[in-house]
Amino acid sequence: MIERTALNLDQTFLLKLRLDHNQTCQSGDIIHIKAPKTDKPRAYSIARIEDDIVLSIKKHDHGICSSYLSDLQIDDTVHAYIEENAHFHLPLNPESIIFISNGTGIAPFLGMIPNLIDNGQQFQFFWGGRFKESVELYQPYLPFTAGDPSSSVHLTYCVHHNKNMYNTRFGINAN
């Protein structure tokens, strides 16, 4: 493990893992992680960002794997294997693409959206989070600014304590 963010307001954190030199994968593949003293691995969708994997994880009070991962320290080793998930990879040269996710389901898109921007491809991304602050965790991986209306990020937040709904739209500047 090379990086772990602090828990945010949603009890969510990002975990960055470095791949072994002979391991290949791409955004949308699945990593299976087996926490100590468990029999079953837990599956997470991955974002492939440069040579690393980024996971978005919600820590649950009684979650064995999420608690284990939230306690990892820099340079700790995680025992895992990667399963190819070809049906969830980006198509080659899409004319336009729409992504929809909420909460930690954002993970694979964190690796896909920068690739689309770099290739000048159009997309729409819709994401819902619990609080307006929820998206702050992901901002380093979502390069949105005012710009090109053909590609945009649409964010929706629901605040449970006062039943308000907030919607935000960002254009993408591919430059």
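What you see is a predicted model, and the numbers here were worked out from it, not measured in a lab.

Looking at this structure, I do not really get the side chain of Ser 56. What am I missing?
Tracing the backbone shows Ser 56 in strand 6 (residues 52–58). Among the polar contacts listed, one links the side chain of Ser 56 to the side chain of Tyr 138, at a separation of 2.7 Å. Look past the residues within four positions of Ser 56 in its chain and what remains in contact with it is Thr 12, Phe 13, Leu 14, Thr 104, Ile 106, Ala 107 and Tyr 138.

Which parts of the structure should I look at to understand the environment of Leu 55?
Relative to the assigned elements, Leu 55 resides in strand 6. Separated by 24 residues in the primary sequence, Leu 55 and Ile 31 have C-alpha atoms spaced 9.1 Å apart. Setting aside chain neighbours within four positions, we find Leu 55 in contact with Phe 13, Leu 14, Leu 15, Leu 17, Ile 31, Ile 33, Tyr 44, Ser 45 and Ile 46.

Is there a simple way to think about the packing of aromatic side chains in this case?
Any pair of aromatic rings gets described here by the distance separating the centres and the angle formed by the planes. Enumeration according to the criterion identifies 6 aromatic pairs in this entry. For the ring pair Phe 88 and Phe 109, a centre distance of 5.8 Å and an interplane angle of 50 degrees mean the geometry is tilted. With a gap of 21 residues between them, Phe 88 in the loop between strand 7 (80–83) and strand 8 (96–102) and Phe 109 in helix 2 (residues 107–118) connect regions that are remote in the sequence. Given a relative accessible area of 6%, Phe 109 falls into the buried group. Among the aromatic residues, ring-to-ring pairing joins Phe 88, Phe 99, Phe 109, Phe 123 and Phe 125 into one connected group.

How each quantity is defined
- Within each chain, residues carry numbers counting from 1 in the order of the written sequence.
- Given that this is a predicted model, residues contribute local features only at a pLDDT of at least 70 and side-chain atom pairs are listed and counted only at 80 or more, while totals for whole chains, interfaces and linings are drawn from all residues.
- Excluding hydrogens and water, the side-chain values take into account all heavy atoms of the structure.
- Working definition: helices are DSSP H or I runs of at least four residues, strands are E runs of at least two. Numbering for both runs from the N terminus.
- Any pair of nitrogen or oxygen atoms within 3.5 Å is treated as a polar contact; in protein, a donor-acceptor pairing is required on top of that, and neighbouring residues in sequence qualify only through side-chain atoms on both sides.
- What makes two residues a contact is simply this: any of their non-hydrogen atoms within 4.5 Å.
- Two aromatic rings, drawn from Phe, Tyr or Trp (for Trp, its six-membered ring), form a pair once their centres lie within 6.5 Å of each other, and the interplanar angle then sorts them: stacked below 30 degrees, edge-to-face above 60, tilted otherwise.
- To sort residues, take the accessible area from a 1.4 Å probe on protein chains only and compare it with the maximum for the residue type: under 20% means buried, over 50% means exposed, and anything in between is partly exposed.

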